[in-house]
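Observations on the three-dimensional arrangement
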Amino acid sequence: MQQKPVIGIVGGIGSGKSTVAREFSRLGCAVIDADQIAHSLLNNAGTKQQIKDHFGPDLLTPRGDVNRKQLAEIVFRDPEKLSLLNSILHPQVLGRCETLLRKYGHSSRFNGIVLDMPLLVEVGWHTKCDHIIFIACDQELRLERIRAKGPFSPRELKMRESFQISLDTKQLHADTTIHNTSDLSALAGQITEIFSKILNR
Ligand code: ATP
């Protein structure tokens, strides 16, 4: 029986999911980061071979690494290619998430487990959560924050979000909404408050 709360984080692209997950980690939670797991899987020889077989040898750099930027450009323009990539990665990513969930559930090091999974609801993992947090942040601010790190167009954002369920549907699954429209200390304050409420339930 899992004693510690499992907390799912949902929100739009660039809404602050990873930032919120980091705050929870500061408060003693284990974080399961599905994007990070997917990225590390792309370094596996077996996955690289599958990418090469299905997407062609051009997707590998001269060093033999998957060119993630090029792969993203291909799959976010073609639903069939995205499904193909998902069929390669999702079973492995979810398997790894499952293992970590069990491991962290048994570990006394953590007082909660946070699921930072962009497709949490789409893959049905919202059912594993005791509490779901939706991060609200308007598109303009999300773009501004993402663009501080590199170029990203409104079109790109819309296209990538078109492959996910709508933000309204994500919010419908949430127990709490956080407004990530102020600075990082305001966000941290909201997380501390919510986590204390979750633990005291
Ligand atoms: P993705 O959907 O791409 O995985 P995400 O939802 O995980 O994104 P983050 O990576 O946490 O979002 O945040 C996007 C960017 O916005 C990051 O550079 C982060 O540092 C910044 N950011 C998030 N929240 C705030 C805030 N309250 N104040 C300033 N910058 C912020």
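Look above for the structure.
Residues numbered from 1 in each chain as written. Predicted model: local features only at pLDDT ≥ 70, side-chain atom pairs only at ≥ 80, totals over all residues. Heavy atoms only, no water.

1. What about the site of the ligand?
Around the ligand, 15 residues are found, and the nearest of them are K17, S18, T19, N180 and S182. Between the ligand and K17, the relevant distance is 2.8 Å, taken from an oxygen atom to a side-chain nitrogen or oxygen of the residue. S18 is positioned with one of its backbone polar atoms (N or O) 2.9 Å from an oxygen atom of the ligand. Taken by itself the ligand offers 640 Å² of open surface, and the protein chains cover 75% of this. (Near = heavy atom within 4 Å. Polar contact = N/O pair within 3.5 Å; in protein donor to acceptor, adjacent residues only side chain to side chain. Areas by Shrake-Rupley, 256 points an atom, 1.4 Å probe, with all protein chains shown as cover.)

2. Overview of the environment of S18
Counting through the fold element by element, S18 comes out in helix α1 (residues 17-26). The spacing of S18 and M117 is 99 residues in sequence and 9.3 Å in space, taken between C-alpha atoms. (Helix = DSSP H or I, 4+ residues; strand = E, 2+ residues; numbered from the N terminus.)

3. Thoughts on helix α7 (residues 154-161)
Because an α-helix completes one turn every 3.6 residues, residues spaced three or four positions apart along the sequence face the same direction. Among the residues making up α7, those that are buried are E156, L157, M159 and E161. If you follow the buried residues of α7, they end up packed against α6 (139-147) and α8 (167-172). (Buried < 20%, exposed > 50% of the residue type's maximum accessible area, 1.4 Å probe, protein only. Contact = heavy atoms within 4.5 Å.)

4. Describing the side chain of E23
By the element assignment, E23 lies in helix α1. A relative accessible area of 14% places E23 in the buried class. Here E23 is in contact with A188 and I191, once residues within four sequence places are set aside.

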